[in-house]
Amino acid sequence: ETGVTQTPRHLVMGMTNKKSLKCEQHLGHNAMYWYKQSAKKPLELMFVYSLEERVENNSVPSRFSPECPNSSHLFLHLHTLQPEDSALYLCATARAFNTGELFFGEGSRLTVL
Amino acid sequence: SQQGEEDPQALSIQEGENATMNCSYKTSINNLQWYRQNSGRGLVHLILIRSNEREKHSGRLRVTLDTSKKSSSLLITASRAADTASYFCATVLTGGGNKLTFGTGTQLKVEL
């Protein structure tokens, strides 16, 4: 139990579906991150929120839409995805945006058909 | 090109042996971190070493940092089957906030 919970753990969706990934943290951290992990590639940083404000958007396609309604929750809304978007999506938190250690959730395995 | 690159890509050893993984990076860093990932799971932070540190220990883990060579190594002593996982180094660039840049990892398999 890392204190960062991601749901669902597995998601299969068609290219025309709309779905959302959820991340909830119980650590009281101020920074929250979305990473994408594809096979044979380094982790890709997608979005960063610090104190509920988006501070980083790494040229992510608009079919991915993040939302941080409060300091405990982070969502990744998915719409009109492509098969190449199939990956493990990892949520992570940090005490603050400039501190070192990240705490990861278990990830949401997404398959786009 | 990526900042951190681990070497080797894969490593297979017997239980009880030591495992050494290396990480090279390209630009000046604030700190370097090592993470472990069991198959299909999230990453777990192992150790953080700052640019002004040369060596850190945590249980059976020993991390070294050579900023002149822009490289780090992770040594796991007396390995166990439970150490089987992928190991990633991640760097925080000087002036880079908390933006961690990960490598592609070393897959370690510890056999009984």
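For the structure, check the block above.
Counting restarts for each chain: residues are numbered from 1 in the order of the written sequence. As a convention, the first chain written is A and the first ligand written is 1, with the rest following in written order. Confidence filtering applies because this is a predicted model: local features only for residues at pLDDT of at least 70, side-chain atom pairs given and counted only at 80 or more, and all residues used for totals across whole chains, interfaces and linings. The side-chain numbers reported here are obtained from all heavy atoms of the structure, hydrogens and water having been left aside.

Draft legend 1. The arrangement of the overall build of chain A in detail. Under the scheme used here, helices are H or I runs from DSSP no shorter than 4 residues and strands are E runs no shorter than 2 residues, and both carry numbers assigned from the N terminus. For chain A, the count of helices and strands is 0 helices and 11 strands. When the helices and strands of chain A are listed from N to C terminus, the series reads β-β-β-β-β-β-β-β-β-β-β. The reference for a compact globule is 2.2 Å times residues^0.38; the radius of gyration itself is calculated from the C-alpha atoms. Relative to its length of 113 residues, chain A is compact, with a C-alpha radius of gyration of 13 Å against a globular reference of 13 Å. Here the analysis covers contacts within chain A between residues at least 6 apart in sequence; of these, 54% occur between residues at least 24 apart. Only heavy atoms enter the contact rule, under which two residues are in contact if any of them lie within 4.5 Å.

Draft legend 2. Representation of the overall build of chain B in the model. A tally of regular secondary structure across chain B gives 0 helices and 11 strands. Going from the N terminus to the C terminus, chain B shows its helices and strands as β-β-β-β-β-β-β-β-β-β-β. Seen through its principal axes, chain B has C-alpha atoms that stretch 45 × 25 × 20 Å. Using a 1.4 Å probe on the protein chains alone, a residue whose accessible area is under 20% of its type maximum counts as buried, one over 50% counts as exposed, and one in between counts as partly exposed. In chain B, which comprises 112 residues, the share counted as buried stands at 44%. For chain B, the share of sequence-separated contacts (at least 6 apart) that also reach a separation of at least 24 residues comes to 55%. Note on areas: these come from Shrake-Rupley sampling with a 1.4 Å probe, and a residue is covered only by the protein chains present in the view. Within the structure as shown, chain B displays about 5300 Å² of accessible surface, and the carbon and sulfur contribution to it stands at 44%.

Draft legend 3. Layout of the interface of chain B and chain A. The interface of chain B with chain A comprises 18 residues on the first partner and 25 residues on the second. Put simply, buried area is the surface a 1.4 Å probe can reach on two separate parts but cannot reach once they are joined, added for both. Of the roughly 1600 Å² buried at the junction of chain B and chain A (both faces included), carbon and sulfur atoms supply 52%. By salt bridge we mean one thing: a side-chain nitrogen of Lys or Arg within 4 Å of a carboxyl oxygen of Asp or Glu. On the surface where chain B and chain A come into contact, there are 1 salt bridge. Close ionic contact of Arg41(B) with Glu106(A) constitutes a salt bridge, the shortest N to O distance being 2.6 Å. Under the rule applied, a polar contact is a pair of N or O atoms within 3.5 Å (in protein, one hydrogen donor and one hydrogen acceptor; residues adjacent in sequence only if both atoms are side-chain atoms). The interface formed by chain B and chain A contains 4 residue pairs in polar contact (both at pLDDT 80 or more). Looking at the side of chain B that touches chain A, the elements with two or more residues in it are β4 (29–37), β5 (43–50) and β10 (100–102) of chain B. Residue type decides the class: Asp, Glu, Lys and Arg count as charged, Ala, Val, Leu, Ile, Met, Phe, Trp, Tyr, Cys and Pro as nonpolar, and the leftover types, Gly among them, as polar. When the residues that make up the side of chain B that touches chain A are grouped by side-chain class, the tally is 6 nonpolar, 10 polar and 2 charged.

Draft legend 4. Representation of the environment of Ala90(B). By the element assignment, Ala90(B) lies in strand β9 (residues 85–93). In this structure Ala90(B) touches Asn31(B), Leu32(B), Gln33(B), Tyr35(B), Leu100(B), Thr101(B) and Phe102(B), once residues within four positions along its chain are discounted.

Draft legend 5. Spatial organisation of the state of the cysteines. Disulfides are defined in this document as cysteine sulfur pairs within 2.5 Å. Taken as a whole and judged by the stated rule, the model has 2 disulfides over all chains. Paired through a disulfide, Cys23(A) and Cys91(A) show a sulfur-sulfur distance of 1.9 Å. Sign of the S-S torsion, about -70° for the bond between Cys23(A) and Cys91(A), identifies this disulfide as left-handed. One end of the pair, Cys23(A), is in strand β3 (residues 18–25); the other, Cys91(A), is in strand β9 (residues 87–94), and 68 residues separate them in sequence. Classification of Cys91(A) by relative accessible area gives buried; the value is 0%. Residue pairing for Cys23(B): its cysteine sulfur links by disulfide to Cys89(B), the two sulfurs lying 2.0 Å apart. Its S-S torsion of about 65° marks the bond between Cys23(B) and Cys89(B) as right-handed, since a negative value means left-handed. Placement of Cys23(B) in strand β3 (residues 19–24) and of Cys89(B) in strand β9 is noted, with a sequence separation of 66 residues between them. When sorted by exposure, Cys23(B) lands in the same class as Cys89(B), which is buried.

Draft legend 6. Local environment of the nonpolar core. Buried residues of nine kinds, namely Ala, Val, Leu, Ile, Met, Phe, Trp, Tyr and Cys, make up a nonpolar core once their side-chain atoms join them within 4.5 Å. With 23 residues, the main nonpolar core has Trp34(A), Phe64(A), Leu76(A) and Leu78(A) as its most contacted residues. Ranked by size, the runner-up nonpolar core spans 21 residues in total, among them Cys23(B), Trp34(B), Leu46(B) and Ile49(B).

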